[in-house]
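An overview of the molecular structure
Here is what each chain is made of, one letter per residue.
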Amino acid sequence: MKTILVNDKMQTDYSYDLVAPMGKKFSAIFEPQLTPKEMLALGVFGGKYMNDCRVEFPSDWFAEARLSQTEKNIGLNYFSVDASQPLSEWNKKGWIHPQDPRGWFQWYCRYYMGRRTHDEDLRQIKRWRAFSRHAGAVKKYCEPYDLGCRKKQRQALLHWAYDSRDM
C-alpha cells in the first residue's frame, strides 16, 4: 500500500492510501470509457483543472495533456465549447466533498489511482451513472458520428469519462 501526500492550492496536509492497483478493481457498476490520461489528452475543462496538482498523479498523464498555464481556454477542449459550470456552482449544488475539493474529476483520478472511500465512491458513481442520460440524448438526436451535433453535451460527456466521439 502506498500513501499519497497532497499539498496544493486547494488542499493541504491531505493524504490517502492506494489500496487497489491503478486502473483496476473498479466497482462493478462503474465502467468509464476513458482514463484520466485520455481525458486530459483529448481536452477537458478548458485545460485549467490540474495545473497545480500534477505531482500527485503519474507524469505520463500530462505528456500529451491539453493544459492552459494561465486561464481557462475553451479552444483546448476537444469540441471547443464550454461545457463546465464554475466551482462556485458545484459548491452551491452540494456536489463537492471536502476530500476532493475540485469535484468529480479529482475523485475519478484518485479512484483510478487506487484510492477507495466507500461512501464517497458510491455517491460519485451514482452521479456518473446519472450523467449517462446525456449519451442517450446524443444517440437519439444525432446521426451516428456527427461530431458537430450537440457539441456541448458531447464535451460534457468527455468530462465524465464517456467517449462521446464514438456515438
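To keep things clear, this report deals only with the structure shown in the data block. Note that this is a predicted model, so its numbers are computed, not measured.

Here strand β1 (residues 2-8) runs beside strand β2 (residues 11-18); their pairing, made up of six bridges, is antiparallel. From the neighbouring strand, D8 faces β2, where its bridge partner is Q11. Two successive antiparallel strands, β1 and β2, enclose a turn made up of two residues.

Counted by the stated rule, this structure contains eleven salt bridges. R110 is the salt-bridge partner of D100, the closest N and O atoms lying 2.9 Å from each other. Taken together, the residues span a long stretch of sequence, with D100 in the loop between α2 (87-92) and α3 (104-113) and R110 in helix α3 at a distance of ten residues. With a relative accessible area of 1%, D100 lands in the buried category. Across the pair D163 and R165 runs a salt bridge whose closest N-O atoms are separated by 2.8 Å. Residue classification places D163 among the buried residues on the basis of a relative accessible area of 14%. Classification of R165 as partly exposed rests on a relative accessible area of 30%.

What counts as what
- Residues numbered from 1 in each chain as written.
- Predicted model: local features only at pLDDT ≥ 70, side-chain atom pairs only at ≥ 80, totals over all residues.
- Heavy atoms only, no water.
- Pairing = 2+ DSSP bridges.
- Helix = DSSP H or I, 4+ residues; strand = E, 2+ residues; numbered from the N terminus.
- Salt bridge = Lys/Arg side-chain N within 4 Å of Asp/Glu carboxyl O.
- Buried < 20%, exposed > 50% of the residue type's maximum accessible area, 1.4 Å probe, protein only.

Bear in mind that shape data such as this cannot, by itself, settle questions of function.
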